[in-house]
Amino acid sequence: MAHAEAVTAARNNAAWCDVVCRAHGTTGTWDADAWSVPRRSPPWYPDAVTLRPEAPADALLDRIDAGPGASVKDSFAALDLAPYGFRVLVEGQWIHRPAGGVPDGPPLTPVTTAPALAAWAEAHGGTALRHPALLADPAVTVLAAYGPAGTVTGGAVVSTGGGAPGVSNVFGTDPAAVWRGVCARFGAGPLVGWETDGDLPPAVALGFRPVGPLRVWLRPQT
């Protein structure tokens, strides 16, 4: 049985993926097994996110464009999509931080304008997050760290869908400082997210703990 906090983190991540896809004009579908979109999601975002370990592979792939370029976030590392032509792109851990123990952290500034979001996305490298419709969603807070010259030196996204605030897209010249800034701003309540094993230490140092494995499957273009 999946850890309850991993289920919450998966639902939060699916809700965030849904926000990104809606900003790009694609409407997602939800049921007990998964969230999914019927046509290709924006770059670096999956076409489906499983919501329970028992989600059947055949039915899951039937609800997406499962051709080359398709990707699935296997939220509980429970699927075997290799027979369908997929390979594991990345593995990671869902993480959870209980409420309280708010640390001191550097101030992070909410991004509120389209030009500021464009500068943030340029620094982040994620073109899917350049769309200004993201700023209109009350469930999304885009945060930026700025250097002395006003350039973006780091940032993160906090999204509140799926039952708990989730942290994603942490980047910067000092990721540990960005994590501290996020926790200083939102750490009075519980937080969830996910990271690859190599990127876990800054979050773990602030009280996050791994609560379950995940995989992202990709069907290669060739």
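Here, the structure is the one placed above.
Attention now goes to the overall build of the protein chain. A count of helices and strands for the protein chain gives five helices and 11 strands. Its C-alpha radius of gyration of 17 Å places the protein chain within 12% of the 17 Å reference for a compact globule of 222 residues. In the protein chain, which comprises 222 residues, the proportion classed as buried is 48%. About 9,700 Å² of surface is accessible on the protein chain, with carbon and sulfur atoms providing 57% of the total. When the 15 basic and 19 acidic side-chain charges of the protein chain are each reduced to a single mean position, those positions are 4 Å apart.

The sheet built from 11 strands is open, its strands ordered β1-β2-β3-β4-β11-β5-β10-β9-β8-β7-β6 with mixed pairing. The open sheet has two edge strands with one neighbour each: β1 (29–30) and β6 (109–110). Relative to strand β11 (residues 209–218), strand β4 (residues 71–74) is paired through four bridges, and the arrangement is antiparallel. In the sheet register, D74 faces β11, and the bridge partner there is R215. The strands that helix α4 (residues 175–186) touches are β5 (87–97), β6, β7 (140–146), β8 (152–159), β9 (166–172) and β10 (191–195); relative to β9, the one it contacts most, it runs at about 145 degrees.

About the criteria used
Residues numbered from 1 in each chain as written. Predicted model: local features only at pLDDT ≥ 70, side-chain atom pairs only at ≥ 80, totals over all residues. Heavy atoms only, no water. Helix = DSSP H or I, 4+ residues; strand = E, 2+ residues; numbered from the N terminus. Rg over C-alpha atoms; globule rule 2.2 N^0.38 Å. Buried < 20%, exposed > 50% of the residue type's maximum accessible area, 1.4 Å probe, protein only. Areas by Shrake-Rupley, 256 points an atom, 1.4 Å probe, with all protein chains shown as cover. Lys, Arg positive; Asp, Glu negative; His and termini not counted. Charge placed at Lys NZ, Arg CZ, Asp CG, Glu CD. Pairing = 2+ DSSP bridges. Contact = heavy atoms within 4.5 Å. Axes fitted to C-alpha atoms, helices over the stretch in contact; angles between N-to-C directions.

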